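Results of the structural survey
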Amino acid sequence: MMVLLSGAGLTADEIGELLGYHPATVRRWIHRYHADGPAGLADRPRSGRPRLGGAPADNLIHAGGSGFRRRPWSPASVLSLGGRWRRHDDRPCC
C-alpha cells in the first residue's frame, strides 16, 4: 500500500499519517521496493531464535484465536519466577 500511495504522488509524511506509520518506516519500505522490486517486500531472514509456533499458530491467531485460552497464571509461570517473589518490605516471601 505504501508503494502504491508513493507512486500516486503522496510523500512519506502523508503516507505515514494516513496508515499510522513513522515516515522513516515508509521510506524504508519504498526504498526496499525501488532497490529489489516486489521481491524486496518479502520478509528477510532475522537473527536469533526462530519464532515459536510458525505459520499454523499465526493463522489461528489471525483467525480470531479460537482454541487459545490464556490463564491469568499457571503453575509453570509461578515456578519460573523462582526466588524472585518479594514481600512489600523487600524480604523474600518464602
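Below is a summary of the structure that appears in this document. Everything numeric here is computed off the predicted structure, so don't read it as measured data.

So, on to the overall build of the protein. When helices and strands are counted, the protein shows five helices and zero strands. Ordered by position from the N terminus, the helices and strands of the protein form the series α-α-α-α-α. Expressed as a percentage of the 94 residues in the protein, the buried residues total 15%. Considering only contacts in the protein between residues 6 or more positions apart, those separated by 24 or more positions represent 17%. Element-wise, carbon and sulfur atoms account for 57% of the exposed surface of the protein, whose accessible area totals about 8,300 Å².

With that out of the way, let us pick up helix H2 (residues 12–19). Of all the positions in H2, only Ala-12, Ile-15 and Gly-16 are classed as buried. Axial view of H2: buried residues confined to an arc of 100 degrees, hence all on one face. When the buried face of H2 is taken as reference, the exposed residues oriented beyond 90 degrees from it are Glu-17 and Leu-18. Against helix H1 (2–7) and helix H3 (23–36) lie the buried residues of H2. Directly beyond the C-terminal end of H2, a positive phi value near 80 degrees is found at Gly-20.

Turning next to the pattern of salt bridges. Any two side chains of opposite charge can pair, given that their charged atoms come close. For the coordinates displayed, the defined rule picks out two salt bridges. Between Arg-27 and Asp-13 there is a salt bridge, and its shortest N-O distance comes to 3.7 Å. One end of the pair, Arg-27, is in helix H3; the other, Asp-13, is in helix H2, and 14 residues separate them in sequence. Residue Arg-27 is classed as partly exposed on the basis of its relative accessible area, which comes to 45%. Of the residues examined, Asp-13 reaches a relative accessible area of 45% and is grouped as partly exposed. Among the ionic pairs, Arg-44 bridges to Asp-36, the shortest N-O distance being 3.3 Å. Given the relative accessible area of 46%, Arg-44 is considered partly exposed.

Among the secondary structure elements, Arg-32 is positioned in helix H3. With residues up to four places along the chain from it excluded, the contact list for Arg-32 reads Gly-37, Gly-40, Leu-41, Ala-42 and Arg-44.

With that settled, the discussion passes to the nonpolar core. Counting residues in each nonpolar core, the largest one holds six residues, listed as Met-2, Leu-5, Ala-12, Ile-15, Val-26 and Ile-30. Counting residues per element, the ones that place at least two in this core are H1, H2 and H3. Ignoring anything within four residues of it in the chain, the contact list for Ile-30 reads Met-2, Ser-6 and Ile-15.

This brings us to the environment of Tyr-33. You can see Tyr-33 is positioned in helix H3. Between the alpha carbons of Tyr-33 and Val-3 there is a distance of 7.3 Å; along the sequence they are 30 residues apart. Non-local contacts of Tyr-33, meaning those with residues more than four positions away in its chain, are made with Val-3, Pro-38 and Leu-41.

Conventions we followed
Residues numbered from 1 in each chain as written. Predicted model: local features only at pLDDT ≥ 70, side-chain atom pairs only at ≥ 80, totals over all residues. Heavy atoms only, no water. Helix = DSSP H or I, 4+ residues; strand = E, 2+ residues; numbered from the N terminus. Buried < 20%, exposed > 50% of the residue type's maximum accessible area, 1.4 Å probe, protein only. Contact = heavy atoms within 4.5 Å. Areas by Shrake-Rupley, 256 points an atom, 1.4 Å probe, with all protein chains shown as cover. Arc of directions from axis to C-beta. Salt bridge = Lys/Arg side-chain N within 4 Å of Asp/Glu carboxyl O. Core = buried A, V, L, I, M, F, W, Y, C linked by side-chain atoms within 4.5 Å.

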